[in-house]
Number of protein chains: 2
Amino acid sequence: MSEGQLGAVKIDRDRLWRDLHRTCEWGKGERWGEGPTDIGMSRLTLSDADKQARDWFVEMTKSLGCDVKVDAMGDMSGNIFAVRPGKNGGPPTYAGSHMDTQPTGGRYDGILGVHAGIEALKTMNDLNIETEYDTGVINWTNEEGARFPISMVSSGVWAGAYTLEKAHNLVEVGGGKATQKSELERIGYLGTLEASYKANPIGAHFELHIEQGPILESSGGKIGAVEGAQAFKWFIITVKGRDCHTGTTDFQNRSDAMLTAAKLILHSHNKATEFGCLASTGILTLRPGSTNTVPGWVQFSLDIRSKEDFVVSKLEEALKRDFELIASGEEVGNINAQGTKGRGCTVEWQFDTDSPATKFHEDCIKCVEDSARDMLGTNAGSQVQRMTSGAGHDSVYTSRHAPTSMIFVPCREGISHNPAEYCSPEDCGNGAQTLLGAILRYDRLRAEKEHS
Amino acid sequence: MSEGQLGAVKIDRDRLWRDLHRTCEWGKGERWGEGPTDIGMSRLTLSDADKQARDWFVEMTKSLGCDVKVDAMGDMSGNIFAVRPGKNGGPPTYAGSHMDTQPTGGRYDGILGVHAGIEALKTMNDLNIETEYDTGVINWTNEEGARFPISMVSSGVWAGAYTLEKAHNLVEVGGGKATQKSELERIGYLGTLEASYKANPIGAHFELHIEQGPILESSGGKIGAVEGAQAFKWFIITVKGRDCHTGTTDFQNRSDAMLTAAKLILHSHNKATEFGCLASTGILTLRPGSTNTVPGWVQFSLDIRSKEDFVVSKLEEALKRDFELIASGEEVGNINAQGTKGRGCTVEWQFDTDSPATKFHEDCIKCVEDSARDMLGTNAGSQVQRMTSGAGHDSVYTSRHAPTSMIFVPCREGISHNPAEYCSPEDCGNGAQTLLGAILRYDRLRAEKEHS
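What you are looking at is a predicted structure, and each value in this text was computed from that prediction instead of being measured.

Calculation notes
Along every chain, residues carry numbers that run from 1 in the direction the sequence is written. Note on labels: chains are lettered from A, ligands numbered from 1, in written order. Two thresholds apply to this predicted model, a pLDDT of at least 70 for residue-level local features and 80 or more for giving and counting side-chain atom pairs, whereas whole-chain, interface and lining totals are computed over all residues. The side-chain figures draw on all heavy atoms in the structure; neither hydrogens nor water molecules are used. Only runs of H or I of at least four residues qualify as helices and only runs of E of at least two qualify as strands under DSSP, and these elements are numbered from the N terminus. All radius of gyration figures rest on C-alpha atoms, and the globule criterion is 2.2 Å times the number of residues raised to 0.38. For every residue, the accessible area (1.4 Å probe, protein chains only) is compared with the maximum for its type, and the residue is labelled buried under 20%, exposed over 50%, or partly exposed between those bounds. Any two rings among Phe, Tyr and Trp, with Trp reduced to its six-membered ring, count as a pair given centres within 6.5 Å; such a pair is stacked if its planes are under 30 degrees apart, edge-to-face if over 60, and tilted if neither. For a Lys NZ or an Arg CZ to count as sitting over a ring, it must be within 6 Å of the ring centre and within 35 degrees of the ring normal. Domain borders in the structure are assigned automatically or taken from a domain database. Contacts are residue-level and defined by heavy atoms, with any inter-residue pair within 4.5 Å sufficient. Once two parts are put together, the accessible area they lose, assessed with a 1.4 Å probe and summed over both, is termed the buried area. The term polar contact refers here to a pair of N or O atoms within 3.5 Å; inside protein, the definition further demands a hydrogen-donor-capable atom paired with an acceptor-capable atom, and it admits residues adjacent in sequence only when both atoms are side-chain atoms. Throughout this entry, Asp, Glu, Lys and Arg are counted as charged residues, while Ala, Val, Leu, Ile, Met, Phe, Trp, Tyr, Cys and Pro are counted as nonpolar. The remaining residues, Gly among them, count as polar. Salt bridges are defined by distance alone: a side-chain nitrogen of Lys or Arg within 4 Å of a carboxyl oxygen of Asp or Glu. A helix is expected to span 1.5 Å for every residue after the first. The pairing criterion for strands is at least two bridges between them, as found by DSSP. Each copy is superposed on the other by least squares, with the fit set by C-alpha atoms of residues at a pLDDT of at least 70 in both. Working convention: axes come from line fits to C-alpha atoms, limited for helices to the stretch in contact. Angles between N-to-C directions cover 0 to 180 degrees. An angle below 35 degrees is treated as roughly parallel, one above 145 as roughly antiparallel, one from 65 to 115 as roughly perpendicular, and anything else as oblique. By the definition used in this description, the sense in which the near helix is turned from the far one sets the handedness, with an anticlockwise turn below a right angle giving left-handed and a clockwise turn giving right-handed.

(A) Region of the structure containing the overall build of chain A. When helices and strands are counted, chain A shows 13 helices and 17 strands. The C-alpha atoms of chain A give 24 Å as radius of gyration, which agrees with the globular expectation for 452 residues (22 Å, within 12%). For chain A, the spread of C-alpha atoms along the three principal axes comes to 80 × 50 × 50 Å. Buried positions account for 64% of the 452 residues belonging to chain A.

(B) Representation of the packing of aromatic side chains within the structure. Applying the stated criterion across every chain, the model contains 24 aromatic pairs over all chains. Through a chain of ring-to-ring contacts, three or more aromatic side chains come together here, namely F81, Y94, W140, W158 and Y197 of chain A. Sitting over the face of the ring of F232 of chain A, R305 of chain A holds its NZ or CZ atom 4.2 Å from the ring centroid. Geometry around W297 of chain B places R287 of chain B over its ring, the cationic atom sitting 3.7 Å from the centre.

(C) Here's a closer look at the domain arrangement of chain A. All names here are of chain A. Taken domain by domain, chain A consists of domain 1 (3–230 + 357–451) and domain 2 (231–355). On a C-alpha basis, the centres of domain 1 and domain 2 stand 36 Å from each other. Between domain 1 and domain 2, the residue contacts involve 15 residues of the former and 12 residues of the latter. Contact between domain 1 and domain 2 buries roughly 990 Å² in total, counting both sides, with carbon and sulfur atoms accounting for 48%. Summed over the three residues of domain 1 that lose the most area to domain 2, namely S151, Q230 and A357, the buried surface amounts to 50% of that side. Applying the counting criterion to the domain 1 and domain 2 interface returns 1 residue pair in polar contact (both at pLDDT 80 or more). For the side of domain 1 that touches domain 2, a count of residues per class yields 9 nonpolar, 5 polar and 1 charged.

(D) Inspection of the pattern of salt bridges at higher detail. All names here are of chain A. Scanning all chains against the criterion turns up 64 salt bridges over all chains. Two residues, E426 and K222, come together in a salt bridge whose shortest N-O distance is 3.6 Å. Here E426, found in helix 13 (residues 425–451), pairs with K222, found in the loop between helix 8 (215–219) and strand 7 (223–229); they are 204 residues apart in sequence, far enough to count as distant. With its nearest N and O atoms 3.1 Å apart, the salt bridge here joins R321 to D322. Overlapping salt bridges bring together E3, D374, R441, R444 and E448 as one network.

(E) Structural context of the environment of S416 of chain A. Relative to the helices and strands, S416 of chain A resides in the loop between strand 17 (404–409) and helix 13. Assessed through its relative accessible area of 1%, S416 of chain A is described here as buried. Residues S416 of chain A and G105 of chain A, spaced 311 residues apart in sequence, show a C-alpha to C-alpha distance of 7.0 Å. Not counting residues up to four positions away in its chain, the partners in contact with S416 of chain A are D109, I210, Q212 and E421 of chain A together with D243, C244 and H245 of chain B. In terms of polar contacts, S416 of chain A uses its side chain to reach the side chain of E421 of chain A, at 2.7 Å.

(F) Up close: helix 11 (residues 362–376) of chain B. Residues and elements named next belong to chain B. Over its 15 residues, helix 11 runs 21 Å from end to end, which matches the ideal 21 Å to within 8%, given 1.5 Å per residue. Taken residue by residue, helix 11 has D363, C364, I365, C367, V368, E369, S371, A372 and L376 as its buried positions. Within two residues after helix 11, G377 carries a phi angle of roughly 85°, on the positive side.

(G) Expanded view of unusual backbone geometry. All names here are of chain A. A cis amide bond links R287 with the next residue in sequence, P288, at an omega value of 0°. By secondary structure assignment, the location of P288 is in the loop between strand 11 (284–287) and strand 12 (293–294). Residue N334 is not a glycine yet carries a positive backbone phi of 70°. Locating N334 in the fold gives a position in the loop between helix 10 (309–327) and strand 14 (346–355).

(H) The arrangement of the pairing of strand 13 (residues 297–306) of chain B in detail. Residue and element names in this part refer to chain B. Strand 13 sits mainly inside the fold: 9 of its 10 residues count as buried. With 3 bridges joining them, strand 10 (residues 278–280) and strand 13 adopt antiparallel strand pairing. Within the sheet, the bridge partner assigned to L278 lies in strand 13 and is R305. Alignment of strand 11 (residues 284–287) against strand 13, held across 4 bridges, turns out to be antiparallel. Bridge pairing in strand 13 links R287 to W297.

(I) Geometry of the relation of the copies chain B and chain A. At an RMSD of 0.0 Å, chain B and chain A line up after a rotation of 180° and a shift of 0.0 Å along the axis. What we have between these two chains is a two-fold relation. Residues of chain B ranked by C-alpha distance from the rotation axis are headed by A262 of chain B, positioned 2.1 Å from it. Taken together, the interface assignments show that 100% of the residues at the interface of chain B recur at the interface of chain A, consistent with an identical surface on both copies.

(J) Fine view of the packing of helix 4 (residues 111–126) of chain B against helix 13 (residues 425–451) of chain B. Residues and elements named next belong to chain B. Interhelical geometry of helix 4 versus helix 13 gives an angle of 60° and a closest axis separation of 9 Å. Considered as vectors, helix 4 and helix 13 are oriented oblique to each other. The chirality of how helix 4 crosses helix 13 is right-handed. Along the contact surface, helix 4 presents L112, G113, A116, G117, A120, T123 and M124, while helix 13 presents C428, A432, L435, L436 and L440. Looking at the contact of helix 4 with helix 13 residue by residue, the class counts come to 9 nonpolar, 3 polar and no charged.

Laid out in C-alpha cells, this is it:
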C-alpha cells in the first residue's frame with residue numbers, strides 16, 4: 001500500500017470505545033465518580049472475570065476469520081494468539097497486550113492495547129485489506145504480576161527468560177493455594193502449543209498502552225513512540241527480630257522488626273532520591289500481628305527502577321550494605337541518629353524479578369512515528385515524542401526475539417493502577433489509529449526489505 | 001490464723017507444675033526448643049482450646065467444693081467465678097487471672113495466676129483451712145485483646161469501664177466475622193450473672209503473674225510486690241494517599257501511604273525515646289497490596305505507655321501534631337530531611353483503649369510483702385521488691401472497686417508474648433506460695449478490721 005492509500009485507512013473510533021467498555025463489565029472494580037466510565041477494574045489474571053474476557057477474545061477473533069492455530073488458540077502459558085492470514089504467511093506482525101488488571105486497577109492499562117488490535121483486524125476486514133504477511137493480536141497471560149507475583153511472566157516464558165515450570169508453579173499472593181497452572185486448567189486456558197519464540201515465532205510486535213505517567217499530558221504530547229523500557233528489579237526483604245510485650249520490654253531490649261522495616265523503607269526512598277531513580281514498597285506483612293506484641297517478623301517487597309541498568313545495580317548494592325547496618329543499629333544516612341539502639345534485627349534479601357533496560361527496534365519505532373505524523377497531519381510537531389517506558393511491558397520480552405515498539409497515549413494526571421485511570425475517547429482512538437498504521441507500514445517494510 | 005500457723009501452710013509445688021503444663025496441651029503453639037516445656041501457646045480467647053481450658057477450670061473448681069453461683073459460674077461477659085465458702089460469707093477474696101494467650105504466646109502469662117489460685121484452694125482443702133470470708137478464683141475473659149482488640153475488656157465491663165454491648169460487639173481481627181458474644185454463645189460460656197462490680201462484688205483481688213520484663217531477673221529479685229500499673233493508650237492510625245504505578249510515577253507525584261506510615265512509625269519511636277516512654281506498632285495492613293503499586297491506604301496500631309498519665313498525653317499530643325505535618329511533607333524531627341517531597345497524605349486517628357496509671361491498695365501490697373518475706377526467710381532482703389507493672393492486667397480494673405495487688409515472679413530474659421517465655425518451677429512455686437499467704441493474711445486482716 002502507498003502512503004496515500006494508508007492515509008485513507010481509518011479505524012472506527014466509536015466502535016473501539018464501545019467494545020472497550022463493554023468488556024470492562026467483566027471484573028468491574030471500584031466506582032470513583034458518577035460517570036458511566038468512572039469505574040475501575042479488578043480483573044486478576046485467570047480469575048472468572050478474566051475467563052469471560054478471554055472467551056470474548058477467542059469468539060470475537062474467530063468471528064473475524066482469524067486462523068485458530070491450536071485449541072483455544074493458547075500456548076501452555078495461557079497466551080492467546082489470533083492470526084489473520086496475509087499473502088505470504090510468515091511470522092505474524094502482532095498487536096499484543098494483556099487483559100488482566102491490578103486488584104484496584106483501571107479500564108485502559110492493557111485492555112486498550114488488545115481492543116485496538118481487534119479494532120485493527122475489524123478495519124482491515126471492513127476495507128478488505130490484504131497484508132503481505134500474517135497479522136494478528138496477542139493476549140498475554142499475567143502481565144501485572146499482581147495475583148501470581150512475577151510480572152510479564154508469560155511473555156517471559158515465550159522469550160525464554162523463565163521456564164514454563166517457574167510460571168506454572170507460581171502461587172497466588174495472600175495465602176491462597178492456587179497456582180498459575182491450576183488456574184489455567186480451571187478456566188480452560190492451558191493450551192497445547194509450546195510457549196516459545198522458536199515454536200511460535202513473532203514477525204514483529206506493536207503494543208499500544210496508556211503512558212501511566214505524566215509526561216505526554218504535561219508536555220502536550222499526543223503519541224509517544226517508545227524507544228525502550230526502564231530497568232527494574234524486584235526483591236522480597238525479610239526482617240527477623242523477636243516478638244515481645246509492648247509494655248514491659250524497654251527499647252534497649254527489643255528486636256523490633258516493624259520499626260526496623262520502617263527504617264529500611266524510608267532509607268530506600270532516601271537513597272533512590274540520591275541516585276535519581278525509584279524505590280517502592282507495595283506489599284508488607286508482619287507476625288504475629290497484635291497491638292501489644294512487638295512484631296518479630298516483617299516481610300516487604302522492594303521495587304527498584306532506573307533508565308540505566310548500572311544505576312539499579314548501584315542502588316541494590318548500596319541498600320544491601322546499608323540495610324544490614326541499619327538493622328544492626330549502626331548509624332547510616334541519619335536513620336538511627338535518634339531513637340534508642342535495641343538488640344538489632346537480621347535482614348534477608350530474596351531476588352524476585354529482573355527486567356534489564358530495553359532498546360526497541362528502530363524500524364518499528366519509525367513505523368509508529370510515521371503513522372502518528374500521518375494521522376496528526378503536517379503540524380503534528382511535538383505532539384509525537386520519542387520516550388522511554390517507566391513500566392515493564394510484554395514488549396520488553398518480545399523485543400528479545402522480534403522487532404518491537406510501543407505506542408503511548410496520555411492518561412489523565414498519569415494515574416494508573418487506580419480506578420481513576422482515564423484515557424479520553426480521542427486519545428484511545430489516536431492510539432488505535434497509530435497502531436493500525438504502524439502494522440501496515442511495517443508489513444510493507446518487510447516486503448520491501450525481502451524483495452530488495 | 002497466727003503468723004506461726006500461716007508459716008506452716010505450704011502449697012504442693014510439684015502438683016502446681018504438673019497441672020500447669022497439663023492444661024497447656026489445649027492450644028499448644030510453636031516449639032522453640034527440645035525440652036518438654038519448650039513449647040509456646042496459641043490459645044486465643046473463646047477458641048475451642050479456650051473452651052477446653054474453661055471446661056477443666058469449671059470441673060476442677062467444682063470438684064474442690066466451690067460454690068457454683070450460676071450456670072457455668074459465668075457472668076454475661078464470660079468471666080468465671082469459683083467461690084470457696086468461708087465462715088462469714090461476704091465478697092470473696094479472689095485470686096484472679098486469665099487463661100487466654102497471644103497468637104504466639106507462652107505457657108505462663110495468665111495461666112500461672114489461674115493455676116496458682118486453684119493450687120491455693122487445693123492446699124486450703126488439704127489442710128482443712130476455714131477462712132473468715134469466702135475465697136475464690138476468677139478466670140477473666142479476653143485479657144490479651146489479641147483476638148477481639150480491646151485488652152482486659154471483660155474485667156473492664158465488670159468495673160463499668162466498658163458497656164457489655166461494647167465487649168459483646170467486638171469483631172475478631174484478621175477479617176473474620178465472629179464477635180465476642182457469638183463466640184461466648186458458641187462455646188457455651190455466655191453466663192446469666194450480670195457482669196458488674198455491683199451485682200457481683202469482689203472483696204479483694206490478688207493476681208500472680210510473670211513480670212514480662214527484665215527487672216527482677218537482672219536485680220536478683222524473687223518476688224515483686226506490685227504497687228500499680230503503667231498507663232497506656234491504644235490508637236489505630238489510618239494513612240490515606242493514592243494508589244499509583246511504581247514505575248511511571250515519579251516521587252514528586254506520589255501520595256505514598258506506606259512510605260508515610262514508615263516515617264510515622266519511626267518518628268513515634270524517636271519521640272517516645274525523647275519523652276522516656278514507650279511507643280510500639282504491632283499491626284499494619286495496607287491496600288491494595290501489589291509489588292508494582294504504591295499503596296494508597298495503610299492502617300497501623302499505635303501503643304503508647306508510661307508510668308505517668310501526663311507523659312502519655314504529652315506524647316499523644318505531640319504525635320497528633322507531628323504526624324499531620326510529616327504526612328503533608330513538612331520537616332519535623334529530621335524525618336523529611338532527605339528524600340523527595342511528594343503530594344502528601346492524610347492521617348486519621350481512631351481512639352481504641354485508655355488504661356490510666358493505677359495505684360493498688362496498700363493493705364494488699366503489704367500482705368504480698370509479708371507473705372513473700374515469710375516464705376523467703378529472714379535473709380529475703382532485696383529478693384522482695386516493690387515495683388510497677390509495665391503491662392495492663394485485669395487487676396487494673398478490679399482495683400477500681402476492690403482492694404487489689406499483684407505478685408510478680410521473674411521470667412527468663414523478661415521474654416513474654418513469645419513461645420520462649422519461661423518461668424522456673426522454683427519461681428512458679430514461690431509465686432503461688434506468696435499468693436496463698438497473701439490471701440490468708442488479707443482474710444485475717446479483714447476480720448481484725450471488722451471486729452476492731
